[in-house]
Amino acid sequence: MWKFFAKKNKNANINIKIDMSNIPSHIAIIMDGNGRWAKERNLPRSMGHKAGVETIREIVKECNKIGVKYLTLYAFSTENWKRPPDEVNTLMKLLVEYLRKEVEELHSNNVKINTIGDIQELPKVCIEQLKEARNKTQHNKGLVLNLALNYGGRDEILRGMKLLYEDVKKGIVSIESINESKFSNYLYTKGMPDPDLIIRPSGEQRLSNFLIWQCAYSEFWYSTIKWPDFKKEHIHKAIYDYQNRDRRFGGVESE
Ligand code: IPE
Ligand code: IPE
Ligand code: MG
């Protein structure tokens, strides 16, 4: 039903040719604008979230196809509990529905499902479904689909600090040996590369507590397109722009 309300994308450019030898390893997306998308169409916010799930399907498929190694999707922040309970319930239900419907296909496409964030605080049915999805896909070697759920960057850093402190107390780690890379191992993203590219649709230009440690040198890409209208062409445009930037990491311009 939401499809009747989808507008033709103005900004999508299907002719963009991305360099397949320089695909960002890790793309992270702040999936934003579902509510405003629905409001523009006089629909309840829940319809915007439903339409947003369709975008997830398309984008996961495309990222896997073009060889992205990690795709992190910001699905529910530690601050999103402030929303009305009805909306929170809708989001949790959509998560369970998405996993139930998609896990088989994701598995057959070699996608490995992972989560970042404190999922213990989610409803039991979500925890169960996530565990099942993770277990089923744990040996897959294709795209790692990282779902950020009850995720907050500050929360992650605090949690990491506490875990590290425990290891210091036990004598497993010495204070002197702590450095950036060691500390990274205490974060949810342990073992993953930092995001190369962070994408935020919907026009907002802020991080909203997303991957604040990891994005120190990420490239940002913003668009006014709302998440339900976001298509694979937009991913291509974001990657194209990324490929035309000079990542200096504090050094000097590359030749
Ligand atoms: C993103 O869309 C979905 C979640 C935060 C879970 P929003 O619901 O934030 O949509 P807007 O920003 O109100 O348009
Ligand atoms: C960020 O979007 C969180 C997710 C996309 C899950 P929000 O819509 O919650 O962020 P703010 O409130 O606009 O900063
Ligand atoms: Mg929002």
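Parameters at a glance
Residues numbered from 1 in each chain as written. Chains lettered and ligands numbered in written order. Predicted model: local features only at pLDDT ≥ 70, side-chain atom pairs only at ≥ 80, totals over all residues. Heavy atoms only, no water. UniProt positions renumbered as here; feature names shortened; annotations may be inferred. Helix = DSSP H or I, 4+ residues; strand = E, 2+ residues; numbered from the N terminus. Buried < 20%, exposed > 50% of the residue type's maximum accessible area, 1.4 Å probe, protein only. Contact = heavy atoms within 4.5 Å. Near = heavy atom within 4 Å. Polar contact = N/O pair within 3.5 Å; in protein donor to acceptor, adjacent residues only side chain to side chain. Areas by Shrake-Rupley, 256 points an atom, 1.4 Å probe, with all protein chains shown as cover. Nonpolar A, V, L, I, M, F, W, Y, C, P; charged D, E, K, R; others polar. Core = buried A, V, L, I, M, F, W, Y, C linked by side-chain atoms within 4.5 Å.

Looking at an unreviewed UniProt entry, one finds the chain named Isoprenyl transferase and attributed to Clostridium malenominatum. The annotation that UniProt attaches to the chain under Function (unreviewed entry) is "Catalyzes the condensation of isopentenyl diphosphate (IPP) with allylic pyrophosphates generating different type of terpenoids."

(A) Representation of the side chain of Thr55 in the model. By the element assignment, Thr55 lies in helix H2 (residues 45–66). Judged by relative accessible area, which is 3%, Thr55 ranks as buried. The contact partners of Thr55, leaving out residues within four places of it in the chain, are Trp227, Pro228, Asp229 and Phe230.

(B) How the structure looks around the site of ligand 2. Around ligand 2, the surrounding shell consists of Ile30, Met31, Asp32, Tyr74, Ala75, Phe76, Asn80, Arg83, Arg200, Arg206 and Ser208. Arg200 is positioned with one of its side-chain polar atoms (N or O) 3.3 Å from an oxygen atom of ligand 2. In this structure, an oxygen atom belonging to ligand 2 sits 2.6 Å away from a side-chain N or O atom of Ser208. In isolation ligand 2 exposes 390 Å². Once the protein is present, 78% of that is buried. It is strand S2 (residues 70–77) that contributes the most residues to the shell around ligand 2, three residues altogether.

(C) Examining the site of ligand 1 more closely. The full set close to ligand 1 counts 13 residues, and Met31, Asp32, Arg36, Arg45 and Arg83 are the nearest of them. Gly33 places a polar main-chain atom, nitrogen or oxygen, 3.4 Å from an oxygen atom of ligand 1. Contact between ligand 1 and Arg36: an oxygen atom at 2.7 Å from a side-chain N or O atom of the residue. Relative to its unbound accessible surface of 380 Å², ligand 1 loses 87% to contact with the protein. If you list the elements that add at least two residues to the shell around ligand 1, you get helix H1 (34–40), H2 and helix H3 (85–108). Considering every element that reaches the shell around ligand 1, the biggest residue donor is H1, with three residues. Grouping the amino acids of the shell around ligand 1 by side-chain chemistry returns three nonpolar, five polar and five charged.

(D) The arrangement of unusual backbone geometry in detail. The phi dihedral of Ser208 falls on the positive side, at around 50°, and the residue is not glycine. Relative to the helices and strands, Ser208 resides in the loop between strand S5 (197–200) and strand S6 (219–222). We classify Ser208 as partly exposed; its relative accessible area is 29%. Residues other than glycine seldom take positive phi values, yet Asn209 does so here, at roughly 70°.

(E) Structural view of the nonpolar core. Counting 48 residues, the largest nonpolar core has Ile29 and Leu71 as its most contacted members. Elements that contribute at least two residues to this core include exactly strand S1 (26–30), H2, S2, H3, helix H4 (124–137), strand S4 (144–151), S5 and helix H7 (232–243). When residues of this core are assigned to their parent elements, the largest contribution, ten residues, is made by H3. If we ignore the near neighbours within four places in the chain, the residues touching Leu71 are Ile27, Ile29, Ile59, Val60, Cys63, Leu143, Val144, Leu145 and Asn146. Counting eleven residues, the second largest nonpolar core, distinct from the first, contains Ala28, Tyr74, Ala148 and Tyr151.

(F) Focus on the UniProt feature "active site" (unreviewed entry) in the chain. Here, the residues flagged by UniProt with the feature "active site" (unreviewed entry) are Asp32 and Asn80. In three dimensions, the annotated residues from a span of 49 residues occupy one location, with a maximal C-alpha spread of 12.1 Å. Tracing the chain through its elements places Asp32 in the loop between S1 and H1. In contact with Asp32, not counting residues within four places along its chain, are Arg200, Pro201, Ser202, Glu204, Lys226 and Trp227. Only 3.1 Å separates the side chain of Asp32 from the side chain of Ser202, close enough to count as a polar contact. With respect to the helices, strands and loops of the structure, Asn80 is situated in the loop between S2 and H3.

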